[in-house]
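Structure assessment
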Amino acid sequence: MVKGEYAFYLGCITPNRYPGIEAATRKVFERLGIGLRDMEGASCCPAPGVVGSFDALTWLVLGARNLSLAEGMGLDVLTVCSGCFDTLFEVNRVLKEDPGLRDRVNELLSGVGRSYRATVEVYHFTKVLHDYGVEELKKHVRRPLGLKVAVHYGCHLLRPSEHKGMDNPLAPRLVDELVEALGCESVDYPSRLMCCGAGGGVRSAFLKYSLEFTRRKLQELKERGVDCLVDVCSFCHLQFDRGQKEIEDLFGETFGMPVVHYSQLLGLAMGMSPAELGMDAHAVSCEPLLRKLGP
Amino acid sequence: MKKEGRKGLRDLFSMQGEDPEFLRELRREIGEQEPDACFQCMRCTSGCDAFKFQKGYKPHQLVGFARLGLKERMVGSEVIWSCTTCSYCREVCPQRVAPVDVVKAARRLAVREGRAVEDHRKIAGYLIRTGHLVPVSETVKELREKLGLPGTPPTTHASQKALEEVGELLRRTGFARLLGEEKDG
C-alpha cells in the first residue's frame, strides 16, 4: 500500500450530521502532508452494534464492499469514527484469517462485479497521528490551547483489545498524549472509560436510557469544571452534543458542555478558525471555550 | 444431567441445555467465542455500564440462559437490546467468553424470527433506501457547502450505481427481506 496517503472512509454521521469533522480532518491532514483520498460510492460501514445485531453476513459483505473500494485505490483506510473503525477493522481481520468465509463473501460480491482480496489495513485517525509522532505534531501547533479537557475514549477505539492492540484498554494514554501535545491538560474522571450510551442500536430504540450514560459522564465533567469534552468518534460526538439538547428535554438538566472532536481541536491548535472547522454548527455552543482561547 | 459418582450434579460447564436445536443455532451465530467456559463469576455484570442503568440487564445471566438453552429468556426478551456493545465484558472475562457476542447472536436469532425492534426496522429501511443508516439532509447539505465540501457527500448519496450495488447485496444476503418494508422484496 502507498504510504503517506489514505483512503478516507467517511461513514454516515461524519458527512451527514457533522461535516465540520470531515472538513477539519481534511484540513489538518493536508497541513501534516498526509494525503486523504475519497472512497467514491462508499456506504454505511455498516454499524457494528446495530447491523451486527441484525445479520452477520450483511455486516461482513457491506464491510467487504467498502474495503474493496480502498483496495482498488491501492490505499489503506483511515476513519474518524470508532464505530466505522470497529466494523472495517473486524471485517478485515476476519476475512484475512478465514479464507472460507472470504470465498463466501466474494461469491456475493461477484454478483455486483466486485471482489476483496483482503490486502488493505484499517486505521483510526488517532493511531495515524500518534504514529506520526507527538513531538512532530507539536511542531504544527501555532496556538497552544491551554484548556482543561476531558477525554472520552469511547468503546470501539480500544475494545476488543485482543485484536486491535491500540493501547491498554483499561488504562489508555493514546488520546491523552494527543491532547497534551496541543497544550491541553487531560483531566481524569471516574467514568472515563464509560460508553457514551449510543451504541448497539440503543440510541435509536431507547433514547432516554441511552442518555443515562451520557448524563452520568456530563455530570462528572461539570463537577470537575472542564472546558470541553474531547471525543475521537463521530457517533460519540453526536451523542454528547445533540444528546445535551435531548437531556434538557427529557431530564430538565442543562450542562452547556462544549463537545469537540479531536480533529477540530487539532485544527484550532494549528490556528484554524472555529467556523472553518464547523464548530459554530454544534447543538451546544462552543462559545465559552472559544472565549477562553481569545482572538 | 447426572455424572458418574456425583449423583444429582448438573453439568454447569458446557452448553447441554434443554433446547438442543436452539443451542446449535446460537452456537453457529456466536462464531469464534467459547461460551461453555463461563463459570458465572459475574465479573462482566459487575463492571457493565448497561447494568448500572438497567438492572434487568445481566450479561452473566444471559450467558447462563444461553448455556441452558432457555430460548425465550433471550430471544423473547427485550432486555437483550439494552447492550450498547461496549465490549467491556469481553475485555475482562477470565474465561474468554465474550458475553457481548452471545447477546449479539441472540439478537440476530430474534431478528430472524421477525422480532426486530420497530425503531430498528426504521433505520434498516434507511440503509436499504440510501446506503446509510443516517442519510444526509438538506440542512446538512447547505452546511457542507458552507464548509467548502461538496453538498452531496462522495458516497452512495452521489452514485446511483453504488446505491444499486448495495441494494443488490442487501437482497442477496436476505437483509432486505428480513428487515425491509417489502416482505417479499
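Residues numbered from 1 in each chain as written. Chains lettered and ligands numbered in written order. Predicted model: local features only at pLDDT ≥ 70, side-chain atom pairs only at ≥ 80, totals over all residues. Heavy atoms only, no water.

Below, the discussion takes up the sheet that holds strand β4 (residues 122-124) of chain A. Strands belonging to one sheet form pairs held by backbone hydrogen bonds; the direction of such a pair is parallel or antiparallel. All names here are of chain A. Read from one edge of the open sheet, four strands run β2-β1-β3-β4, paired in parallel fashion. The open sheet has two edge strands with one neighbour each: β2 (35-38) and β4. Recorded for the sheet is a direction-independent mean angle of 40° between the axes of neighbouring strands. Inspection of the sheet shows strand β1 (residues 5-9) paired to strand β3 (residues 76-79) by four bridges, in the parallel sense. Each bridged residue has a counterpart across the sheet, and for Phe8 the counterpart in β3 is Leu78. Here helix α3 (residues 56-73) sits on the sheet in contact with β1, β2, β3 and β4, set at roughly 155° to β1. (Pairing = 2+ DSSP bridges. Helix = DSSP H or I, 4+ residues; strand = E, 2+ residues; numbered from the N terminus. Axes fitted to C-alpha atoms, helices over the stretch in contact; angles between N-to-C directions. Contact = heavy atoms within 4.5 Å.)

Attention now goes to the interface of chain B and chain A. Each partner contributes residues to the interface: chain B has 58 residues there, and chain A has 71 residues. The largest contributions to the chain B side of the interface with chain A come from Phe53, Glu91 and Leu169 of chain B, which together make up 13% of the buried area. Between the two partners, chain B and chain A, sit six salt bridges. Across the pair Glu162 of chain A and Arg90 of chain B runs a salt bridge, and its minimum N-O distance is 3.1 Å. Inspection of the chain B/chain A interface yields 25 residue pairs in polar contact (both at pLDDT 80 or more). Where the side of chain B that touches chain A is concerned, the elements lending two or more residues are α3 (49-53), α6 (88-92), α7 (99-112), α8 (118-130), α9 (138-146), α10 (160-172) and α11 (175-179) of chain B. (Buried area = accessible area lost by both parts, 1.4 Å probe. Salt bridge = Lys/Arg side-chain N within 4 Å of Asp/Glu carboxyl O. Polar contact = N/O pair within 3.5 Å; in protein donor to acceptor, adjacent residues only side chain to side chain.)

Bringing the pattern of salt bridges into the picture now. All names here are of chain A. All told, the structure shown has 40 salt bridges over all chains when counted by the stated rule. Taking the shortest distance from any N to any O, the salt bridge between Glu22 and Arg26 comes out at 2.9 Å. Residue Glu22 and its partner Arg26 are located together in helix α2 (residues 19-32), separated by four residues, close to a single helical turn.

Moving on to unusual backbone geometry. Note: most residues except glycine have negative phi, and most peptide bonds are trans. A cis amide bond links Cys45 of chain A with the next residue in sequence, Pro46 of chain A, at an omega value of -5°. With respect to the helices and strands, Pro46 of chain A occurs in the loop between β2 and α3. Here the phi dihedral of Gln40 of chain B falls at roughly 60°; this positive angle occurs in a residue that is not glycine. Within the fold, Gln40 of chain B resides in the loop between α1 (20-30) and α2 (43-46).

Residue and element names in this part refer to chain A. The domains assigned to chain A are domain 1 (5-125) and domain 2 (134-293). Measuring from the centre of the C-alpha atoms in domain 1 to the corresponding centre in domain 2 gives 23 Å. Between domain 1 and domain 2 lies a buried interface of about 2600 Å² when both sides are counted; carbon and sulfur atoms form 70% of it. Applying the counting criterion to the domain 1 and domain 2 interface returns two salt bridges. Salt-bridge contacts for Asp86 lead to Lys164; the nearest nitrogen and oxygen are separated by 2.5 Å. Where domain 1 packs against domain 2, one counts eight residue pairs in polar contact (both at pLDDT 80 or more). Elements represented by at least two residues in the side of domain 1 that touches domain 2 include exactly α1 (13-16), α2 and α4 (82-97). Sort the elements by how many residues they give to the side of domain 1 that touches domain 2 and α2 lands first, with nine residues. Within the side of domain 1 that touches domain 2, the residues separate by chemical class into 13 nonpolar, seven polar and six charged. (Domains from an automatic or database assignment. Nonpolar A, V, L, I, M, F, W, Y, C, P; charged D, E, K, R; others polar.)

All names here are of chain A. Evaluated as defined, the whole model comprises five aromatic pairs over all chains. With 6.0 Å between their ring centres and 80° between their planes, Tyr6 and Tyr123 make a pair best called edge-to-face. Linking Tyr6 in strand β1 with Tyr123 in strand β4, this pair joins segments that are 117 residues apart in sequence. By relative accessible area, which is 23% here, Tyr123 ends up partly exposed. Where Tyr209 meets Phe213, the ring centres are 5.5 Å apart and the plane angle is 75°; that geometry is what we call edge-to-face. With a gap of four residues between them, Tyr209 and Phe213 both fall in helix α11 (residues 207-223), about one helical turn apart. (Phe/Tyr/Trp six-rings, centres within 6.5 Å; stacked < 30°, edge-to-face > 60°. Buried < 20%, exposed > 50% of the residue type's maximum accessible area, 1.4 Å probe, protein only.)

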